[in-house]
Amino acid sequence: MIRKIKGTYDVLPEEINKWHNLETVMRNVATLFNFQEIRTPIFEASELFHRSVGETTDIVKKETYDFLDRGKRLNTLRPEGTASVVRSVIENKLYTEENLPLKLYYYGPMFRYERPQKGRQRQFHQFGAEIIGTNSPLSDVEIINFAATFLEALKIDKIKIRINTLGDKESKDNYRVALNEYLDKHIHKLCSDCNRRYKENPLRVLDCKVDKDSETLKNAPKPLDYLSDRAKMHFDQVLASLDQMKLNYVIDSNLVRGLDYYTHTVFEIESDLETLGAQATLVGGGRYNNLYSSLDGPDLPAMGFAFGVERLLLALEAIDSDTKKQPLHCYFINLGNPLETDALKIINDLRHGGLVVDYDFLNKSLKAQFKQADRLNARYYLIYGDEEAKKQVINVKDSETKEQVEVKLDELYQYLYNCLTNKSCSKSCDGCEGC
Ligand code: HAM
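Residues numbered from 1 in each chain as written. Predicted model: local features only at pLDDT ≥ 70, side-chain atom pairs only at ≥ 80, totals over all residues. Heavy atoms only, no water.

1. A look at the overall build of the protein chain
Rule in force here: Comment: elements are numbered from the N terminus, with helices defined as DSSP H or I runs of at least four residues and strands as E runs of at least two. The contact criterion used is simple: two residues touch if any of their non-hydrogen atoms lie within 4.5 Å. Using a 1.4 Å probe, accessible areas were evaluated by the Shrake-Rupley method; residue-level cover was limited to the displayed protein chains. His residues and chain termini do not enter the charge count, which takes Lys and Arg as positive and Asp and Glu as negative. The location of each charge is read from NZ of Lys, CZ of Arg, CG of Asp or CD of Glu.
Helix and strand counts for the protein chain come out as 15 helices and 16 strands. When its C-alpha atoms are laid out on the principal axes, the protein chain stretches across 95 × 55 × 45 Å. Long-range contacts, defined as pairs at least 24 residues apart, comprise 68% of the intrachain contacts of the protein chain with a sequence gap of at least 6. On the protein chain, roughly 22800 Å² of surface is accessible, and the fraction owed to carbon and sulfur atoms is 49%. Charged side chains of the protein chain number 60 positive and 66 negative; the gap between the two group centres comes to 4 Å.

As structure tokens, this is what we get:
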């Protein structure tokens, strides 16, 4: 038997409603904030991720799915969405003056070769949003507020917003000097991965998850202490606006994020819901003011976030969220051979009117058809055979009250519609209570 690849999973029909509900909330909240969807390919030229996410990041160093296509070009399955959006905005010249700021969102599978565990897969989904073309601190707040509102709409509370700033280029340069000085003295105490990162990109040392290193890294200089006046003013304005919106946050001076492109504000939101296990970060994001120009595009400041959808679904398991099931309005029970009556036409007419209808393909017994209708949770059974066909009527049985009425075929749709919407008929049909 061929099995699924490690770190991937199937979403089975019994789970799909949770996904649909989450996707509906996602699109509704995106619409409230006036974001538009963008869809980009799931694979891109490898160079795009090397030059954006960063050569020295764990993602590019150890986690990308790279492959040579038949034309010997090196491609990569996207490990995240931001780089692809940047590529697309530049390539499609979406950055005309009247278009800016662009407010885009995306949703889809991402791929990282990580060690699979609860809340961490090799194929996972992200819902991301980006505001492109403005450096206003208000757009930082719009992004953070969008993320928090989405969680609120999903009824995920118990959240913690952690925020920090890396500052502008000048701040980052000053900080790098201070960090290098500190690491020069302490690097011998740190793990081998830290030693490698130190040579390639000292900032990445701060991503270290090894427990014994944390004490040394806790005392390392913090980006907040090396901010230029401009960067400090930007961050102060972000915090003041968050305060005004009554969004609670904590400043986490150790938060640097695992991708190279960030400048200024970075943030993460985590939840302590027990179903999340160790992977408690639901969303991460930040400002990236130099990425467009570094990918040969115009000078466009930008800010965004990405949620891990699987983690949101894990969080929802802890909450009593009532997932709407797909309704089955009617199950059509054939007393004879449907090919010898107009059964298929009746079913089709109801479907064209917007009713969800199913029926048996296998010529099952009457009892088996009722059983199937119950298994599928049908609201009404429609019972039809040669006799009914001759009289141009159909028997409609309510699965809850068990009452059965005979309804004329040309009144069937209206009858069902009224019953399902709790109205009596506009025409007299003899079937409705109100008629
Ligand atoms: P990231 O922090 O790498 O940021 O990923 C964002 C979120 O994706 C994480 O917080 C987590 O919920 C989810 N995630 C990441 N890796 C996995 C995995 N292997 N399995 C399950 N979930 C995962 C970014 O990707 C940036 N592009 C975010 C951004 C957008 N920054 C600016 N704009």
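2. Concerning the pairing of strand 3 (residues 65–68)
Rule in force here: Here, strands pair whenever DSSP counts at least two bridges between them.
Bridge analysis of strand 3 against strand 4 (residues 74–77) gives 4 bridges, and the strand direction is antiparallel. Within strand 4, the position partnered with L68 by the bridge is L74. From the end of strand 3 to the start of strand 4, which pair antiparallel, there are 5 residues, and K72 there has a positive phi angle of about 65°.

3. Description of the sheet that holds strand 2 (residues 43–45)
Formally: Here an angle of 0 to 180 degrees is reported between the N-to-C directions of two axes, which are lines fitted to C-alpha atoms, with helices fitted over the stretch in contact.
Across the sheet, 3 strands lie side by side as 2-4-3; this open sheet has antiparallel pairing. This sheet does not close on itself; its edge strands, each paired only once, are strand 2 and strand 3. Taken pair by pair, the neighbouring strands of this sheet meet at an average axis angle of 35°, ignoring direction. Direction of pairing for strand 2 relative to strand 4: antiparallel, over a ladder of 3 bridges. Looking at strand 4, one finds that A45 is bridged to N75.

4. Quick look at the side chain of Q369
Within the secondary structure layout, Q369 lies in helix 13 (residues 366–375). The contacts of Q369, once residues within four sequence positions are left out, are Y331, F332, I333, N334, D360 and K364.

5. Describing the pattern of salt bridges
Applicable threshold: When a carboxyl oxygen of Asp or Glu lies within 4 Å of a side-chain nitrogen of Lys or Arg, that pair is called a salt bridge. For the exposure calls, accessible area comes from a 1.4 Å probe over protein chains only, and a residue counts as buried if that area is under 20% of its type's maximum, exposed if over 50%, partly exposed in between.
Across all of its chains, the model carries 32 salt bridges by this definition. One salt bridge in this structure joins E37 and R27, with 2.7 Å as the shortest N-O distance. Pair noted here: E37 is in strand 1 (residues 36–37) and R27 is in helix 1 (residues 13–32), with a separation of 10 residues, a long-range link. Classification of R27 as partly exposed rests on a relative accessible area of 28%.

6. Observations concerning the nonpolar core
The criterion, for reference: Take the buried Ala, Val, Leu, Ile, Met, Phe, Trp, Tyr and Cys residues and link them wherever side-chain atoms come within 4.5 Å; each set so joined is a nonpolar core. The domain limits used here are those given by an automatic or database domain assignment.
Core analysis: the largest hydrophobic core is formed by 46 residues, its most contacted members being I132, L206 and Y292. Broken down by element, the residue count for this core peaks at 5 residues, all from helix 4 (residues 82–91). Structurally, this core is a two-domain feature, drawing no fewer than three residues from each of domain 1 (13–168 + 228–316) and domain 2 (171–220).

7. Topic: a nonpolar patch on the surface
What counts is decided by this rule: Candidate patch residues must exceed 30% relative accessible area and have no salt bridge, after which like charges are joined if within 9 Å and Val, Leu, Ile, Met, Phe, Trp or Tyr side chains if within 5 Å.
Together, I42, F43 and F67 line one region of the surface with nonpolar side chains, adding up to about 250 Å² of accessible area. Along the chain, the position of F43 falls in strand 2.

8. Quick notes on the pairing of strand 5 (residues 102–111)
Burial within strand 5 is extensive, with 8 of its 10 residues counted as buried. Sheet topology places strand 1 next to strand 5; 2 bridges connect them, and they run parallel. Bridging across to strand 5, E37 finds its partner in Y105. Where strand 5 lies against strand 6 (residues 123–132), 10 bridges are found, and the strand directions are antiparallel. The residue bridging Y106 from the neighbouring strand is G128, located in strand 6.

9. Some thoughts on the domain arrangement of the protein chain
Let me state the cut-off plainly: When two parts are brought into contact, each loses some accessible area as probed by a 1.4 Å sphere; the total of that loss over both is the buried area. For the purposes of these results, a polar contact is taken to be a pair of N or O atoms within 3.5 Å, where, inside protein, one atom must be able to donate a hydrogen and its partner to accept one; residues adjacent in sequence count only when each atom of the pair is a side-chain atom. Polar here means any residue other than Ala, Val, Leu, Ile, Met, Phe, Trp, Tyr, Cys and Pro, which are nonpolar, and Asp, Glu, Lys and Arg, which are charged; Gly is therefore polar.
Domain assignment breaks the protein chain into domain 1 (13–168 + 228–316), domain 2 (171–220) and domain 3 (328–420). For domain 1 and domain 2, the distance between their C-alpha centres works out to 25 Å. The interface of domain 1 with domain 2 comprises 17 residues on the first partner and 11 residues on the second. Both faces considered, domain 1 and domain 2 share a buried interface measuring about 1100 Å² in area, 40% of it formed by carbon and sulfur atoms. The interface formed by domain 1 and domain 2 includes 4 salt bridges. Note that R197 and D58 form a salt bridge whose closest N and O atoms lie 3.0 Å from each other. Seen at the junction of domain 1 and domain 2, the total is 10 residue pairs in polar contact (both at pLDDT 80 or more). The leading source of residues in the side of domain 1 that touches domain 2 is helix 3 (residues 58–63), at 3 residues. Along the lines of polarity and charge, the residues of the side of domain 1 that touches domain 2 split into 5 nonpolar, 6 polar and 6 charged.

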